[in-house]
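Structure assessment
Below are the chains, spelled out letter by letter.
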Amino acid sequence: IAVSHFHADHFAGIPTFVLASIYADHRRQPLVVAGPPGVEARVVAAADAMGHGIRERDMSFALRCVELPAVRLVDLGPARARSFPVNHQPESCPHGLELEVGGSRLVYSGDTGWFDGFPRHTRGADLVVVCLDGSEELDAADLLLIEDLRDKSPLVVVTKSDLPGGFDRVAL
């Protein structure tokens, strides 16, 4: 599980996922939760707040939380991840994510919206997910950069968007 930042819609489901992994799925494989500094403390606190603490719970699998420092590639087992700084509410510890799995590379902007440095993180990606929430002040140059990004990557998904020109659907 890769966490982009600590807003509830991006990480609060992890405690429930862990419980389902224990009791419904009978998971045996290790589970890695990677995210911003403090990810383990935040996940444990969220589980405690929900009344389903995971600290003392018997699990049939190893649960490992890994902090993703900016820019450095981190081995997570079957995947490798790198985070990069983004513009979002600082108290949520935001970052974008580059994930490599089985020879494929995914880049996720997080809830940042568009920013000038984003395209350089997408070079060579097999899948790019850009989250635009409609609050961005995008000018014609930004729209051209997004269009250029769509031309250079095999698949680009733009989410939470009400941009003109069909940017709110999957581009193949």
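**What about the overall build of the protein chain?**
Scanning the protein chain from terminus to terminus reveals 5 helices and 8 strands. Helices (α) and strands (β) of the protein chain occur, in sequence order from the N terminus, as α-α-β-α-β-β-β-β-β-α-β-α-β. Within the protein chain, contacts between residues separated by at least 24 positions form 51% of all contacts whose residues are at least 6 apart in sequence. Roughly 9200 Å² of accessible area belongs to the protein chain as shown, and the carbon and sulfur atoms make up 54% of that amount.

**Structural notes on the nonpolar core**
If you look at the biggest cluster of nonpolar residues, it comprises 15 residues, and the most contacted ones within it are Val3, Phe11, Ile14, Val18, Val33, Val43 and Ile54. Contributions of two or more residues to this core are made by helix H2 (14-23), strand E1 (31-35) and helix H3 (39-49). For this core, the leading source of residues is H3, giving 5 residues. Filtering out sequence-adjacent residues up to four positions away, Val18 remains in contact with Leu31, Ile54, Met59, Phe61 and Leu63.

**Thoughts on the pattern of salt bridges**
For the coordinates displayed, the defined rule picks out 4 salt bridges. Residue Glu100 is joined to Arg80 by a salt bridge in which the shortest nitrogen-to-oxygen separation is 2.5 Å. One end of the pair, Glu100, is in strand E5 (residues 95-101); the other, Arg80, is in strand E4 (residues 79-85), and 20 residues separate them in sequence. Taking relative accessible area as the criterion, Arg80 reaches 39% and is therefore assigned partly exposed. Put simply, Glu98 and Arg82 hold a salt bridge, and the shortest N to O gap is 3.4 Å. One end of the pair, Glu98, is in strand E5; the other, Arg82, is in strand E4, and 16 residues separate them in sequence.

**Comments concerning the layout of surface pockets**
Space inside the largest pocket adds up to approximately 230 Å³. What lines the largest pocket is simply Ile1, Ala2, Arg27, Pro30, Leu31, Val32, Ala34, Leu76, Pro78, Ala79, Leu99 and Val101. Of all elements in the fold, only E1 and E5 reach the threshold of two or more residues within the lining of the largest pocket. Among the elements that line the lining of the largest pocket, the one with the most residues is E1, at 3 residues.

**What about the packing of aromatic side chains?**
For the coordinates displayed, the defined rule picks out 2 aromatic pairs. On the basis of an interplanar angle of 75° and a centroid distance of 5.3 Å, the ring pair of Phe6 and Phe11 is categorised as edge-to-face. Looking at Phe6, the relative accessible area reads 7%, which means it is buried. Note on Phe84 and Phe118: the rings are 6.2 Å apart at their centroids and 40° apart in plane angle, and the pair reads as tilted. One end of the pair, Phe84, is in strand E4; the other, Phe118, is in helix H4 (residues 118-122), with 34 residues separating them in the sequence. The buried category is assigned to Phe84, whose relative accessible area is 1%. Note on Phe118: relative accessible area 1%, which makes it buried.

**Concerning the side chain of His5**
Along the polypeptide, His5 turns up in the segment before helix H1 (8-11). Judged by its relative accessible area of 1%, His5 is buried. Within polar-contact distance, the side chain of His5 engages the side chain of Ser4 at 2.8 Å. In terms of polar contacts, His5 uses its side chain to reach the side chain of His7, at 3.2 Å. With residues near it in sequence (within four places) discarded, His5 still touches His10, Phe11, Pro36, His88, Ser92, Cys93, Pro94 and Asp111.

What counts and what doesn't
- Residues numbered from 1 in each chain as written.
- Predicted model: local features only at pLDDT ≥ 70, side-chain atom pairs only at ≥ 80, totals over all residues.
- Heavy atoms only, no water.
- Helix = DSSP H or I, 4+ residues; strand = E, 2+ residues; numbered from the N terminus.
- Contact = heavy atoms within 4.5 Å.
- Areas by Shrake-Rupley, 256 points an atom, 1.4 Å probe, with all protein chains shown as cover.
- Core = buried A, V, L, I, M, F, W, Y, C linked by side-chain atoms within 4.5 Å.
- Buried < 20%, exposed > 50% of the residue type's maximum accessible area, 1.4 Å probe, protein only.
- Salt bridge = Lys/Arg side-chain N within 4 Å of Asp/Glu carboxyl O.
- 1 Å grid on protein atoms, 1.4 Å probe; cavity = no way out; pocket = protein on both sides within 12 Å on 5 of 7 lines; lining within 4 Å.
- Points joined across faces, edges and corners; volume = space filled by probe spheres on them.
- Phe/Tyr/Trp six-rings, centres within 6.5 Å; stacked < 30°, edge-to-face > 60°.
- Polar contact = N/O pair within 3.5 Å; in protein donor to acceptor, adjacent residues only side chain to side chain.

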